[in-house]
Amino acid sequence: MSEEESSRRQRAEAKRDPTEWHGHRIVTETDLGAVFEEDDAARRHRASMRRVRHGVVLVLLIGLLAAAAYVALGIARGEISVGASEPTPTPTSTCPAGPFDYQDPSAITVNVYNGTTIDGLAGTAAAQLRERAFAVSEIGNREGGPTGATAFIISGQAGRANAFTVQRTIPDSLYVADEREDRTVDVVLGSTYAGIIPPEGLDITPAGLACALEEGATPAAAP
C-alpha cells in the first residue's frame with residue numbers, strides 16, 4: 001500500500017471516530033461522567049467528615065450536661081459540698097476592757113524596776129510614786145524593759161484596778177498581765193520614762209487598760 005493510500009485511510013477512519021473533529025479531541029459524555037464522579041466522591045467524603053465532627057461535639061455536650069445535672073443533684077441532696085472561702089477572723093486582744101475605778105494610791109503596793117541601762121532610774125521613779133502616796137516595796141533592776149514606752153505595768157487578775165491606777169499615773173505606759181494572785185503591781189521602766197503625770201493632769205475617769213501589743217492584735221488604748 002502506498003503512503004498516499006495509507007494517509008487517505010487514516011483520514012477516513014478519523015472522520016468515522018466521533019471523539020475527534022478536524023484533529024481535535026471532543027469531550028464526551030463519558031469523560032464528563034468520570035470528572036463529575038470524582039467531584040461527587042469528594043463531596044461525599046467532606047459530608048461524612050462533617051457528620052463525624054458534629055457527632056463528636058454532640059457527644060461532648062451531652063456529657064457536660066449530664067455532669068452538670070449530676071453535680072446540681074448532689075448539691076441539692078447535700079452529697080456534694082462546694083467549699084467557700086472562710087473570712088479571716090479579725091484579731092482580738094485579751095486586754096482587760098474594764099472599766100476600772102481609780103483606787104486610793106496609799107492602798108497599792110508597787111515594785112519598781114529599772115529595765116534600762118540608765119543609772120538610778122528606778123530610785124527616781126520610786127521617789128516620785130511615794131510622793132503620790134503609793135506604797136513602794138521593792139526597787140531594783142530587771143531585764144526586758146519596754147521599747148518605745150515609758151514603762152510596763154504588770155499585775156495579776158486581782159490587781160487590775162490597782163494597775164489601772166498606776167497606769168494613769170505614768171503616761172504612755174502599757175499593761176502586761178501575769179499569773180500572780182495578789183494585788184501587787186510591778187513597774188518596769190523603759191528608756192523614755194520622764195516622770196509621772198502632775199496632779200492637775202491626772203485623769204481618774206473609769207476606763208480600761210492600755211495593753212502591750214500582742215501578736216496579731218492591736219492594743220486597746222485607755223481613753
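None of the values given here were measured: they were computed from a predicted structure. (Residues numbered from 1 in each chain as written. Predicted model: local features only at pLDDT ≥ 70, side-chain atom pairs only at ≥ 80, totals over all residues. Heavy atoms only, no water.)

Novice: Looking at this structure, I do not really get the overall build of the protein chain. What am I missing?
Specialist: Assigned secondary structure in the protein chain consists of 4 helices and 7 strands. For the protein chain, the N- to C-terminal ordering of α and β elements is α-β-β-α-β-α-β-β-α-β-β. Total accessible area computed for the protein chain in this model is approximately 15,200 Å², and 56% of it derives from carbon and sulfur atoms. (Helix = DSSP H or I, 4+ residues; strand = E, 2+ residues; numbered from the N terminus. Areas by Shrake-Rupley, 256 points an atom, 1.4 Å probe, with all protein chains shown as cover.)

Novice: What exactly am I supposed to notice about a positive patch on the surface here?
Specialist: Side chains of Arg46, Arg50, Arg51 and Arg53 sit close together on the surface and give a patch of like positive charge. The residue Arg46 is located in helix α2 (residues 29-77) in this model. With relative accessibility at 46%, the residue Arg46 sits in the partly exposed group. (Patch = residues over 30% accessible without salt bridge, like charges linked within 9 Å, V, L, I, M, F, W, Y side chains within 5 Å. Salt bridge = Lys/Arg side-chain N within 4 Å of Asp/Glu carboxyl O. Lys, Arg positive; Asp, Glu negative; His and termini not counted. Charge placed at Lys NZ, Arg CZ, Asp CG, Glu CD. Buried < 20%, exposed > 50% of the residue type's maximum accessible area, 1.4 Å probe, protein only.)

Novice: Teacher, can you tell me more about the pairing of strand β5 (residues 151-155) here?
Specialist: Looking down a regular strand, the side chains alternate between one sheet face and the other. Within β5, 5 of the 5 residues are buried, which leaves the element mostly enclosed by the surrounding structure. Residues Ala151, Ile153 and Ser155 point to one face of β5 and Phe152 and Ile154 to the other, with burial holding for every one of them. Here β5 runs beside strand β7 (residues 185-189); their pairing, made up of 4 bridges, is antiparallel. Counterpart to Ile154 in the pairing with β7 is Asp186. Pairing analysis gives 4 bridges linking β5 to strand β6 (residues 174-177), with the strands arranged parallel. In the sheet register, Ile153 faces β6, and the bridge partner there is Tyr175. Remark: the β5/helix α4 (residues 160-169)/β6 crossover connection has right-handed handedness. (Pairing = 2+ DSSP bridges. Right-handed = clockwise from strand over helix to strand, strands pointing away.)

Novice: Honestly, the sheet that holds β6 in this entry has me stumped. Any pointers?
Specialist: Each strand in a sheet pairs with its neighbour through backbone hydrogen bonds, running either in the same direction (parallel) or in the opposite one (antiparallel). Strand order in the open sheet formed by 5 strands is β4-β3-β7-β5-β6, and the pairing between neighbours is mixed. A single partner strand is all that each edge strand has here, and the edge strands are β4 (135-141) and β6. Across the sheet, the mean angle separating the axes of adjacent strands is 25° when strand polarity is ignored. Lying on the sheet, α4 is in contact with β3 (109-114), β5, β6 and β7; it crosses β5 at an angle near 165°. (Axes fitted to C-alpha atoms, helices over the stretch in contact; angles between N-to-C directions. Contact = heavy atoms within 4.5 Å.)

Novice: Looking at this structure, how should I read the pattern of salt bridges?
Specialist: Between side chains of opposite charge, a pair can form when the charged atoms approach closely. Scanning the entire structure with this criterion turns up 4 salt bridges. A salt bridge links Asp186 to Arg142; the shortest N-O distance between them is 3.3 Å. Of this pair, Asp186 sits in strand β7 while Arg142 sits in the loop between β4 and β5, placing them 44 residues apart in sequence. With a shortest N-O distance of 3.2 Å, Asp203 and Arg168 are connected by a salt bridge. In this pair, Asp203 is assigned in the segment after β7 and Arg168 in helix α4, connecting sequence segments 35 residues apart.

Novice: I keep staring at the environment of Ser191 and nothing clicks. Help me out?
Specialist: Note that Ser191 resides in the segment after β7. Along the backbone, Ser191 and Ile118 are 73 residues apart, and their C-alpha atoms lie at a distance of 7.4 Å. Dropping the residues within four chain positions of it, Ser191 is found in contact with Thr116, Ile118 and Ala149.

Novice: Quick question: what am I supposed to make of the packing of aromatic side chains here?
Specialist: Any pair of aromatic rings gets described here by the distance separating the centres and the angle formed by the planes. Summed over the entire model, instances satisfying the criterion amount to 0 aromatic pairs. It is Arg142 that lies over the ring of Tyr113; its NZ or CZ is 4.1 Å from the centre. (Phe/Tyr/Trp six-rings, centres within 6.5 Å; stacked < 30°, edge-to-face > 60°. Lys NZ or Arg CZ within 6 Å of the ring centre and 35° of its normal.)

Novice: Is there a simple way to explain the side chain of Ser155 in this structure?
Specialist: Tracing the backbone shows Ser155 in strand β5. Ser155 sits in the buried class, given a relative accessible area of 0%. Here the side chain of Ser155 touches Gly159 through a polar contact of 3.4 Å, landing on its backbone oxygen. Aside from chain neighbours lying at most four places away, what touches Ser155 is Arg160, Ala163, Tyr175, Val176, Ala177, Asp178, Arg180, Thr184 and Val185. (Polar contact = N/O pair within 3.5 Å; in protein donor to acceptor, adjacent residues only side chain to side chain.)

Novice: Mind showing me how you'd approach the state of the cysteines here?
Specialist: By definition, a disulfide links two cysteine residues through a covalent bond between their sulfur atoms. Taken as a whole, this structure holds 1 disulfide when the rule is applied. The disulfide that involves Cys95 links it to Cys211, with 1.8 Å between the sulfurs. As the torsion about the S-S bond is roughly 80°, the Cys95-Cys211 disulfide counts as right-handed. Pair noted here: Cys95 is in the loop between α2 and β3 and Cys211 is in the segment after β7, with a separation of 116 residues, a long-range link. Judged by relative accessible area, which is 10%, Cys95 ranks as buried. (Disulfide = S-S within 2.5 Å.)

In short, geometric facts, not functional conclusions.
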